[in-house]
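Take a look at the letters that make up each chain.
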Amino acid sequence: ALEKANELENPLYKAILQIDLGSIYMEKGAIDEAITAFTASINVCNNIGEKKTVAIGYNNLGLLYKNQKQYEKAVENYLESVKIKRELKDIKSLSNTLYNIASLYFEMRVYDEALSYIQEAVELDKSNDDAQYRQSLALLTKIRRAKSQ
């Protein structure tokens with residue numbers, strides 16, 4: 001598929017395929033290849049002004065680094081994603097990334113930071129009684145319990 005995207009000279013299609021490829025590499029534990037694929041997608045999308053896919057790439061890098069316990073790099077990439085999603089007013093996706101950051105800080109036992117991010121996610125999600133909202137509420141409860149101990 002990536003070869004076909006190169007033949008068609010469609011940079012957005014190529015970038016989206018790089019995101020998918022990065023996710024596959026990440027699942028298989030091929031971390032360097034995943035980083036390369038996500039970074040390639042980000043670079044292509046920056047060049048063509050496709051910010052939504054750039055935000056997805058940064059979010060995926062954040063998840064990758066979180067899974068690798070490289071927390072500083074994870075936060076850095078998540079925050080890049082948040083910045084773009086705020087600019088685009090992509091509320092649903094923003095809420096998801098805020099949840100990811102809160103989850104990361106919870107894992108690190110930095111409960112005040114976790115609480116700040118999850119409260120914002122819950123606030124954004126409250127108009128939707130969906131799985132993401134319930135997931136955010138559950139994490140909010142876990143964070144509050146952990147802080148009170």
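So, here is what we can say about the structure in this document. (Residues numbered from 1 in each chain as written. Predicted model: local features only at pLDDT ≥ 70, side-chain atom pairs only at ≥ 80, totals over all residues. Heavy atoms only, no water.)

**Points about the nonpolar core**
Side chains of nonpolar character tend, in soluble globular proteins, to be buried together. To keep things clear, this is the line we draw: Here, the term nonpolar core denotes a set of buried Ala, Val, Leu, Ile, Met, Phe, Trp, Tyr and Cys residues that are joined through side-chain atoms within 4.5 Å. Accessibility here uses a 1.4 Å probe with only protein chains present; expressed as a share of the type maximum, an area under 20% marks a residue as buried, one over 50% as exposed, and anything in between as partly exposed. When checking whether two residues touch, look at their non-hydrogen atoms; a contact exists if any pair is within 4.5 Å.
By size, the foremost hydrophobic cluster in this structure holds 38 residues, and its most contacted members are Phe38, Leu64, Ile118, Leu139 and Ile143. Aside from chain neighbours lying at most four places away, what touches Phe38 is Ile19, Gly22, Ser23, Met26, Gly57, Asn60, Leu61 and Leu64.

**Points about the environment of Leu17**
To keep it simple, the criterion reads: Numbered from the N terminus, helices here are DSSP runs of H or I no shorter than four residues, and strands are runs of E no shorter than two.
Structurally, the position occupied by Leu17 is in helix α2 (residues 11-28). A relative accessible area of 16% places Leu17 in the buried class. When the C-alpha atoms of Leu17 and Asn43 are compared, they prove to be 13 Å apart, with 26 residues separating the residues in sequence.

**Some points on the environment of Asp20**
Of note, Asp20 is situated in helix α2. The exposure class of Asp20 is partly exposed, given its relative accessible area of 41%. Separated by 29 residues in the primary sequence, Asp20 and Gly49 place their C-alpha atoms 19 Å from one another.

**Quick notes on unusual backbone geometry**
Of note, the phi angle at Lys89 is positive, near 60°, even though the residue is not glycine. Within the fold, Lys89 resides in the loop between α5 (71-88) and α6 (91-108). A positive phi angle, close to 65°, is found at Arg109, a residue other than glycine. Position of Arg109 among the secondary structure elements: in the loop between α6 and α7 (111-125). For Arg109, a relative accessible area of 65% corresponds to the exposed category.

**Focus on α6**
Where we set the bar: Expected helix span is taken as 1.5 Å per residue step, with the number of steps being one fewer than the number of residues.
Taking 1.5 Å per residue, 18 residues should reach 26 Å; α6 reaches 26 Å between its end C-alpha atoms and fits that length. Along α6, the residues that are buried comprise Leu94, Ser95, Thr97, Leu98, Tyr99, Asn100, Ile101, Ala102, Ser103, Leu104, Tyr105 and Phe106. Where α6 is buried, its residues meet α4 (51-67), α5, α7 and α8 (131-148). One or two steps after α6, the chain reaches Arg109, where phi turns positive at roughly 65°.

**A few points about the pattern of salt bridges**
Worth spelling out the cut-off: Salt bridge, as used here, is a side-chain nitrogen of Lys or Arg placed within 4 Å of a carboxyl oxygen of Asp or Glu.
Going through the model one piece at a time under the given rule, you end up with eight salt bridges. A salt bridge links Glu120 to Arg86, with the nearest nitrogen and oxygen atoms 2.6 Å apart. In this pair, Glu120 is assigned in helix α7 and Arg86 in helix α5, connecting sequence segments 34 residues apart. Residue Arg86 is classed as partly exposed on the basis of its relative accessible area, which comes to 39%. Of the charged contacts, one joins Asp130 and Lys92 as a salt bridge, the two residues approaching to 2.1 Å between their closest N and O atoms. In this pair, Asp130 sits in the loop between α7 and α8 while Lys92 sits in helix α6, placing the two residues 38 residues apart along the sequence. Judged by its relative accessible area of 21%, Asp130 falls in the partly exposed class. The class of Lys92 is partly exposed, set by a relative accessible area of 34%.

**Examining the packing of α4 against α5**
The criterion, for reference: Orientation is described by lines fitted to C-alpha atoms, with helices fitted over the stretch in contact, and by angles between N-to-C directions that extend from 0 to 180 degrees. In this scheme, roughly parallel covers angles under 35 degrees and roughly antiparallel covers those over 145, while 65 to 115 is roughly perpendicular and the rest are oblique. Left-handed describes a crossing in which the near helix is turned anticlockwise from the far one by less than a right angle; the clockwise case is right-handed.
Closest axis-to-axis distance for the α4/α5 pair is 7 Å, and the angle between their directions is 160°. Taken as axis vectors, α4 and α5 run roughly antiparallel relative to one another. α4 and α5 meet at a crossing whose hand is left-handed. In contact with Lys51, Lys52, Val54, Ala55, Tyr58, Asn59, Leu61, Gly62, Leu63, Tyr65 and Lys66 of α4, α5 contributes Tyr71, Lys73, Ala74, Asn77, Tyr78, Glu80, Ser81, Ile84, Lys85, Glu87 and Leu88.

No statement about biological role is implied by the geometric values presented.
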